[in-house]
Structures are given as structure tokens and as C-alpha cells.
Amino acid sequence: MKRILVLIYATFLFGPVLDAQESTPAPPPMEPQAPERPGPWRSTSPAQAAVPVPVPIAPPKPNGPIQKSLVRITATSVEPDYKAPWNAGGLERGVGAGFVISGNRIMTNAHVVANSRYVTVERDGDPNKYPAKVQFIANDCDLAVITVPAPDFFKNMLPLQFGGIPTLESTVSAYGYPIGGERMSVTTGIVSRVDFQLYTHSSVDQHLAIQISAQINPGNSGGPVMQDAKVVGVAFQGYSGDVAQGVAYMIPTPVIKRFLQDIGNGHYDEYPDLAITYAKLQNPAQRRFLGLKEDDRGVLVSSVVAAGPSNGILYPGDVLLAIDGHPIASDANVELDGEHAQFEEVVERKFKGDSVKLDVLRNKQPTTVSIKLYKPWPYSVQGHSYDVRPRYVLYGGLLFQPLNLDMLEAYRTADLRVRHFFEYFVLDQLYVQHPDVIVLTNILPDPINTYLAPYRGGIVDEINGKKIRTLDELAKAFTDSQDRLVIRMIGDGPPLVLDRKQVEAARERIMTRYNVLKEQNLEEQPASKAAEQANKT
């Protein structure tokens, strides 16, 4: 999924000007005078009353001089090419916003600077573009911190302070640089909803988000949303006009403050997760069957991810009654800071290595458990990746790649088996047998693979009788094979067979014909690091 650049569009209101014109008092009536003799220095037109020119009244600035805190960000990025992963990728340029916070830092969205190779910032009243560096990036919550090495850049800049969660129906103002102009724009709207939402930058993470009625347009991503001269959110995503009108979202301050606290040790550790699924228990008959009291508390654990922190501590059939002392209602909500929120918000505010205490009803008997938190790795397969090079193996013109969201979107495959492995990768614990779901994604046509097109989209199961679980094992099987390679795909059908000698003879021909620079990349290393290694070799 492409990154969504979220910006706020504004118009200038001339209401104060009209009010000023209407309120101007009429001039006093003029006394009749004798006609003057025309002369070469006088006009012969009749005398007219002087009409005062209305002076525009500057609108109020309830949030202070935002121009001294807001910056315009331009990022040049390289998007990975999953159809030809040996290539550097496509060059793109995007514009977003950011604002100065304490410590001579600039906060913005992760999607503004993700995959970036060169970033510049501009400030109000300064014609220069200053090169900037990305210090920390959190793709799971779409936030980033950048800084400017220029020694005098932050001189006279005002860092903004953070507020709390605004109340429903209260008014907020969003600032940024949307399409339609070069200068700062501001729009206002009301707070419509406070809820958990999917963050589209990763397409897998859900966090607290606040819906506002201000329009979100390309170019304003990363701009501050203000109330009472404090930042109450960062504008980051919204629906397009053909889906919904006036539905935009901002990242609230609990998410922002957690990100800033996480990077306090110089490293971002991402969000931990209980890694469970659950069902709400609002049905009275179901509650009686489970032995629950009539107190409207509890949610039922449906599944536990084997690679997650809850494995061996929680079990399907457990009923969660409270988390860190907060009673869990049957609709999965808890009361937190005077507001109702999903009980996962308690976990959201914790960090890697922290523990959470759960009151559990197991087999109708109460118990208490403690879980040490971390982020399970299988979830990353179902989300977008940034600032890394795609992993792949090319052999005999056959391109093998591990299944992930970016690869799936690049090929837009309709193969039901591939779709099943992606959708149920975590839920059905498919990662236990297939840490990498290796797909034959593409075929570079050559005489040695002329009749292999029906195998495109197949998932590798074994090679020469040996199960293949990872991309590294696939590469090793190709290297170790002495004669013939018999590749069996998951499902029915004959195996794919390659002759090693023919593959070796065709290697240079295929690489030259399709401009293949490297036949494999087994590490999901940062693209910048890969470029450095390429320059050294």
C-alpha cells in the first residue's frame, strides 16, 4: 500500500474585513458650496465624498506564533522494486510538515521520511533549504524525529508543548503545507471520535487515534494539531473523498509521548503485544455457561500466538477479568484516565521488557498471571516494511521471494493458496512450519525455463526430498545440489525439475539479458547499508 501523505487544506476568511466595512460610520453631510472656477490645475468633475478604505483585521491566533515552530519537509525517497529486487527502486519526492519540539528536534510522520535518501526542511521567512537527518523512525505508530545539523537553524525557533486528549466536540486547529500553495495553511474542526484505528502506514498496527472534522490533504502529514496553544495530535491519515467526507485522523499525545519515551535510551523498541485474540462476552447465556458473575466483566481468550509472550501463560478458554487492576468490561473496555478505552491500551503504554498483570478466570477458578512483554515477529510479515532491501533468490531465471505484504501488493496475486497463507500466517500458526513462505513470484524467460509458467505463484514445499522452511535453506539447496533439482510445491501437481548444468550454463546469459546485478539477497538489511556494501565491492 502506498504511503498516504496527510495534509490539512485551509482558506482565508474575509469575514472580519466585511464586518469592518459594515461598521464604518457614514461620513457627515457636506455643506453646499459655490461652484469653483475651472482652471488648468483643477478637475471639472463634481466633488465626491471620500470613502474610507477598510483595513483588514488580522484573525486571532489562539495558538500563538506557529510560524516559529512549523517547518516544511521535502523528502526524496527510493521505493523498493519487488518485481526486480536487484534494482535500486523507483525515485519519489514528497512534501510534508513537521514542528519543533524540545532538544532541537523536529517531529513528523514516519511516512513523510520513510525510505528517504535526502531530506530538507524550510522554515518561515527563510529562503534556504536545510539538509536534515532522520534520528528515529517508528513505522508501527507513524512517527519520526529528525534534526538539522546547521548550527543556527533552531535559533529563534519555538519548541511546542504537548497537551492531553481533547474532549469530544471541542475545536482544534491543524497546521501544515497542503496542496494549493506554498505557505502555511490552517484549518479548524471538531473532535468527532476517540477510538482504536488501523494505522495505514504499517497496515497491521492498531493504536489510539482521534477523528477530527478538519480535512486531510496531501502535503500536511506531520503537521501539529493544536488546542489552547498546545499540541494535542499529529495529522496523519484520512479517507479519500470517494469513500467518506470530513473523516480525518490525528495521532494523540499518549502515542506521541510513548514514542518519545521509548527513544530516550537511543533506540526504538516498537510496541509490545499480548499476541492473543479474544471475544466479547455480552451474551448473558454465554456468561452463565462460563461461570461469570452478573457484573458485566470479562472477555474470552480465543487463541494464543505461539511466538508471543502469552504462550504458555494464557490459554484458549481463559476469561480476562482485569488488567493491571483495571476491570475489563464485557465489551473489552477499561476506564483509563477518566475515559473508556480498549484494554489493549494498557499494554500500548508499556515497553519491551515490562510486565502486565492479568486477573483470569480459568475453568471457573480465579487466578492471577504476569506476562513479560515483547513484540512477536510473525506480525511483521503482514505489515509494510521500510528502509530495507527485499530478500530474494534468483536461480535459472526463477525468482523466489518470501511472502509479505509488500510482495503481495506488488504482484497483486489472486492465487487463493498464497492468500490463505498470508491471511492465516499468524492466526493458524503457519509460521511454525514456514517461517518464510517462499513463493515463485516471477520467471525471466529463457530456453531452460520455457515450460515452467504454470508454476508461477506456487509455494515451495521441498527440494530433492528436503523440507524448505526459510529462504536461506532454499539458497543452500541450490548450492548443494550436484545434478538435478526436484522442486515440489504445496498442493497437487508434478514437481518442477531443473538441470543444474543447464542452469549454470545459462547464468551469465540471463543476468546480462535482464541486467541482474546480484542473484540473491538473504538479509533484510537497510537499503543504505546495502548501497555502502555495493560501493565497496
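Right, let's walk through the structure included here. (Residues numbered from 1 in each chain as written. Predicted model: local features only at pLDDT ≥ 70, side-chain atom pairs only at ≥ 80, totals over all residues. Heavy atoms only, no water.)

Some words on the packing of aromatic side chains
By convention here, two paired aromatic rings are described through the distance between centres and the angle between planes.
Consideration 1: Across all of its chains, the model carries 13 aromatic pairs by this definition.
Consideration 2: With a centroid separation of 5.6 Å and 50° between ring planes, the pair formed by Phe-400 and Phe-478 is classed as tilted. Highlighted residues: Phe-400 in strand E22 (residues 398–402) and Phe-478 in helix H8 (residues 471–480), separated in sequence by 78 residues. Each member of the pair, Phe-400 as well as Phe-478, is classed as buried.
Consideration 3: Through successive ring pairs, a cluster of aromatic residues spans Tyr-130, Phe-153 and Phe-154. (Phe/Tyr/Trp six-rings, centres within 6.5 Å; stacked < 30°, edge-to-face > 60°. Helix = DSSP H or I, 4+ residues; strand = E, 2+ residues; numbered from the N terminus. Buried < 20%, exposed > 50% of the residue type's maximum accessible area, 1.4 Å probe, protein only.)

Observations concerning the environment of Arg-72
Consideration 1: Assignment of secondary structure puts Arg-72 in strand E1 (residues 70–79).
Consideration 2: A residue is classified by how much of its surface remains accessible, and Arg-72, at 11% relative accessible area, is buried.
Consideration 3: Between the C-alpha atom of Arg-72 and that of Gly-96, which follows or precedes it by 24 residues, the distance is 6.1 Å.
Consideration 4: Ignoring any residue separated from it by four or fewer positions in sequence, one finds Arg-72 in contact with Val-95, Gly-96, Thr-120, Val-121, Glu-122, Tyr-177, Gly-181 and Glu-182. (Contact = heavy atoms within 4.5 Å.)

A look at the sheet that holds strand E21 (residues 392–395)
Consideration 1: Ordered in space as E23-E22-E21-E28, the four strands form an open sheet in which the pairing is antiparallel. The sheet is open, and its two edges are formed by strand E23 (438–443) and strand E28 (520–521), each paired on a single side.
Consideration 2: One ladder, built from five bridges, connects E22 with E23; its direction is antiparallel. Paired with Gln-401 across the strands is Val-439, a residue of E23. (Pairing = 2+ DSSP bridges.)

Here's the deal with the sheet that holds strand E4 (residues 116–123)
Consideration 1: With antiparallel pairing, six strands are arranged side by side around a closed barrel as E1-E2-E3-E6-E5-E4. Within the sheet, the average angular offset between the axes of one strand and its neighbour, ignoring direction, is 40°.
Consideration 2: Bridging between E4 and strand E5 (residues 130–138) involves three bridges; their strand directions are antiparallel. Bridged to Val-119 within E5 is Ala-132.
Consideration 3: The sheet strands contacting helix H3 (residues 253–262) are strand E2 (90–101), strand E3 (105–108), E5 and strand E6 (143–147), and the helix crosses E6 at an angle near 55°. (Axes fitted to C-alpha atoms, helices over the stretch in contact; angles between N-to-C directions.)

Description of the pattern of salt bridges
Consideration 1: Using the criterion set out here, one finds 18 salt bridges in the structure.
Consideration 2: For Glu-519, the salt bridge goes to Arg-507, with nearest N and O atoms at 3.1 Å. Of the two residues, Glu-519 sits in the loop between helix H9 (500–513) and E28 while Arg-507 sits in helix H9, which places them 12 residues apart along the sequence.
Consideration 3: The exposure class assigned to Arg-507 is partly exposed, which follows from its relative accessible area of 28%.
Consideration 4: Linked by salt bridges that have partners in common, Arg-500, Glu-504, Arg-507 and Glu-519 make up one network. (Salt bridge = Lys/Arg side-chain N within 4 Å of Asp/Glu carboxyl O.)

A short note on H9
Consideration 1: The end-to-end C-alpha separation of H9 is 20 Å, in line with the 20 Å expected for 14 residues at 1.5 Å each.
Consideration 2: Taking the largest bend as the criterion, H9 deviates by roughly 45°, centred on Ala-506.
Consideration 3: Burial in H9 covers these residues: Arg-500, Val-503, Ala-506, Ile-510 and Met-511.
Consideration 4: Elements in contact with the buried residues of H9: E21, H8, strand E26 (484–489) and strand E27 (496–499).
Consideration 5: The residue sitting at the N-terminus of H9 and contributing the capping side-chain oxygen is Asp-499; that oxygen lies 3.0 Å from the backbone nitrogen of Lys-501. (Expected span 1.5 Å × (residues − 1). Bend = angle between axes of the 7 residues up to and from the residue. Polar contact = N/O pair within 3.5 Å; in protein donor to acceptor, adjacent residues only side chain to side chain.)

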